[in-house]
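These are the residues of each chain, in order.
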Amino acid sequence: MRNDIYRYLAVPRLAVLAFVMCLVGGGCGSSTTTTPAPLPISVTLSPSAAQTLGAGKTVAITATVANDSSNRGVTWTLSPATGQGTLSGSTATSTTYTAPAAVTSATTVTVTATAVGDASKTTTLTINLVPISVALAPSTTQTLVKAATLTVSATVTNDVNSQGVTWALSPA
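A few points on the structure.

Cut-offs used in this document
Residues numbered from 1 in each chain as written. Predicted model: local features only at pLDDT ≥ 70, side-chain atom pairs only at ≥ 80, totals over all residues. Heavy atoms only, no water. Helix = DSSP H or I, 4+ residues; strand = E, 2+ residues; numbered from the N terminus. Buried < 20%, exposed > 50% of the residue type's maximum accessible area, 1.4 Å probe, protein only. Contact = heavy atoms within 4.5 Å. Areas by Shrake-Rupley, 256 points an atom, 1.4 Å probe, with all protein chains shown as cover. Pairing = 2+ DSSP bridges. Axes fitted to C-alpha atoms, helices over the stretch in contact; angles between N-to-C directions.

### Digging into the overall build of the chain
Then, number 1: Each helix and strand counted, the chain has one helix and 10 strands in total.
Then, number 2: Starting at the N terminus and walking to the C terminus, you meet the elements of the chain as α-β-β-β-β-β-β-β-β-β-β.
Then, number 3: Within the span of the chain, comprising 172 residues, buried residues form 19% of the whole.
Then, number 4: Once local pairs closer than 6 in sequence are excluded, the contacts in the chain between residues at least 24 apart make up 54%.
Then, number 5: Counting only carbon and sulfur atoms, one obtains 57% of the accessible surface of the chain, whose full area is about 12,200 Å².

Laid out in structure tokens, this is it:
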């Protein structure tokens, strides 16, 4: 009877020993290796805040593409595509926007950077184009008597080139 007890106890001992060897030996049965999913691509621009430009002014724009394992960078687009400035010197990570030579009314354009590695990843920079405006003071018609003087001042807004005004009197 004593031998029967050892026989019954021997089976569980073998099962425990097999389990421990399985763990120590690197696993039991089939194994699979899971490769982590790649991190998603993202695009950011510098500057990131909207820019305000006058006629002929430029802004340099740089794109940073995160998780772009093949370093393909971005493509650049301007909207509207014609008449509201140009993009120049474009590379996979930078471009320069130049405002048109004349800005006759306030206009908004956007520069978009699209990741080459994932075209669904885009970001835009808003550029507000502002025309020059001049306000005179006094702003109403003035009547002067002979030999009187009048001081007139001009306030120039959005004169990004600091050109000021040229004065002329009509009739001379």
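### So, unusual backbone geometry
Then, number 1: The step from Ala 137 to Pro 138 runs through a cis peptide bond, and the omega angle for that step is 0°.
Then, number 2: For Pro 138, the location among the structural elements is in the loop between strand 9 (133–137) and strand 10 (153–157).
Then, number 3: Backbone torsion omega between Ser 170 and Pro 171 reads -10°, so that peptide bond is classified as cis.
Then, number 4: The residue Pro 171 is located in the segment after strand 10 in this model.
Then, number 5: Residue Asn 71 is not a glycine yet carries a positive backbone phi of 50°.
Then, number 6: The topology assignment puts Asn 71 in the loop between strand 3 (58–66) and strand 4 (74–79).
Then, number 7: Take Asn 71: its relative accessible area is 66%, and that puts it in the exposed class.
Then, number 8: Of note, Ala 147 is a non-glycine position whose phi angle comes to about 75°, a positive value.
Then, number 9: Among the secondary structure elements, Ala 147 is positioned in the loop between strand 9 and strand 10.

### A short note on the sheet that holds strand 2 (residues 51–53)
Then, number 1: On the basis of which strands lie adjacent, the open sheet formed by four strands has the order 2-8-7-4 and mixed pairing. The open sheet has two free edges, formed respectively by strand 2 and strand 4, since each of these has just one partner strand. Each strand of the sheet is rotated relative to its neighbour by a mean of 25°, with strand direction disregarded.
Then, number 2: Note that strand 4 and strand 7 (residues 107–115) share six bridges and pair antiparallel. Counterpart to Val 74 in the pairing with strand 7 is Ala 115.

### Some words on the pairing of strand 7
Then, number 1: Here strand 7 pairs with strand 8 (residues 122–129) via eight bridges, running antiparallel. For Thr 110, the partnering residue across the bridge sits in strand 8 and is Thr 126.
Then, number 2: Hairpin connection of strand 7 to strand 8: six residues between the antiparallel strands.

### Observations concerning the sheet that holds strand 6 (residues 94–98)
Then, number 1: Taken together, the four strands give an open sheet; going across it, the order is 1-3-6-5, and neighbouring strands pair in antiparallel fashion. The open sheet has two edge strands, strand 1 (42–46) and strand 5 (86–88), and neither has a second partner. Averaged over all adjacent pairs, the angle separating strand axes in this sheet is 30°, with direction ignored.
Then, number 2: Where strand 3 and strand 6 come together, five bridges link them in antiparallel fashion. If you follow Thr 58 over to strand 6, its bridge partner there is Thr 98.

### Quick word on the environment of Thr 122
Then, number 1: Among the secondary structure elements, Thr 122 is positioned in strand 8.
Then, number 2: Of the residues examined, Thr 122 reaches a relative accessible area of 45% and is grouped as partly exposed.
Then, number 3: As a C-alpha pair, Thr 122 and Thr 112 span 10 residues in sequence and 6.7 Å in three-dimensional space.
Then, number 4: Those residues in contact with Thr 122 that lie beyond four places of it in its chain are Thr 112, Ala 113 and Thr 114.

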